[in-house]
Amino acid sequence: MPPAPRRRNTAPPREEVLAAAMATIAERGLDGLTMAGLGREVGMSSGHLLYYFRTKDELLLQALEWSEGRLGAQRRTLLSGRVTVRERLEAYIDLYLPDGHRDPHWTLWLEVWNRSRSADDDARARQAAIEGAWHRDLVALLAEGVSRGEFRAVDAERFATRLRALLDGFSVHVAVGIPGTGRPQVLEQVREFIDDSLTVAQPRPPR
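What you see is a predicted model, and the numbers here were worked out from it, not measured in a lab.

### Some words on helix H8 (residues 156-176)
The end-to-end C-alpha distance of H8, which contains 21 residues, comes to 30 Å, matching closely the 30 Å that a straight helix rising 1.5 Å per residue would cover. For H8, the set of buried residues is Ala156, Phe159, Ala160, Leu163, Arg164, Leu167, Asp168, Phe170, Ser171, Val174 and Ala175. Of the surrounding secondary structure, the elements contacted by the buried residues of H8 are helix H5 (85-96), helix H6 (104-115), helix H7 (121-147) and helix H9 (183-198). For H8, the side-chain oxygen to backbone nitrogen distance between the N-cap and Glu157 is 3.1 Å, and the N-cap itself is Asp155. Phi turns positive one or two residues past the end of H8, at Gly177, with a value near 80 degrees.

### What about unusual backbone geometry?
In this model, Arg54 sits at a positive phi of 75 degrees, which is unusual for a non-glycine residue. The backbone phi angle of Arg102 is positive, close to 65 degrees, even though this residue is not glycine. By secondary structure assignment, the location of Arg102 is in the loop between H5 and H6. On the accessibility criterion, Arg102 (46% relative accessible area) is partly exposed.

### Overview of the nonpolar core
Leu89, Tyr92 and Ile93 are the most contacted members of the largest nonpolar core, which has 54 residues in total. Discounting chain neighbours no more than four positions away, the residues touching Leu89 are Leu138, Leu141, Phe151, Leu163, Ile194 and Leu198.

Rules used throughout
- Residues numbered from 1 in each chain as written.
- Predicted model: local features only at pLDDT ≥ 70, side-chain atom pairs only at ≥ 80, totals over all residues.
- Heavy atoms only, no water.
- Helix = DSSP H or I, 4+ residues; strand = E, 2+ residues; numbered from the N terminus.
- Expected span 1.5 Å × (residues − 1).
- Buried < 20%, exposed > 50% of the residue type's maximum accessible area, 1.4 Å probe, protein only.
- Contact = heavy atoms within 4.5 Å.
- Polar contact = N/O pair within 3.5 Å; in protein donor to acceptor, adjacent residues only side chain to side chain.
- Core = buried A, V, L, I, M, F, W, Y, C linked by side-chain atoms within 4.5 Å.

If you want it as structure tokens, here you go:
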């Protein structure tokens, strides 16, 4: 027998709602994400969605947290691989950067950043927690590379801050589709920066 249809106004699992929100952003962009439309996707009224999420800002932030949770699991897997620190750093960068123009995760990040100007302290703290997880992993990776002699001696904390600022700037360019800053070009630029900044100087041969 076919499954019984979901009763009207029965709340689906939170993850289903957030996954549907991300799918809508990927397909139609943020302008295509409305409470009414999302409600139709998951079998809930827009009023029920507002009951669970209170505001669209909260829905967007929870969708971002859900998406970041999935990325965080990928990042932990990549960073625990049995490869060189440089290879793990490149994997980190590859995961950090958008897949291309209108990448749904970065589209959502840009919108949450934009709305953060009027966000409350709780929302700001949750955004900072997302940023902090990426930052701590990068600091640990850089410190390991220095300790193993794979990277030039740098202050891991300061270098991580600068590298993430570079990645954020390039990521915005990729996500909004600025000509000449597609993902392949950005990856090449970042690799050059890593080579210039972290390559260990080779000793000069004796005369």
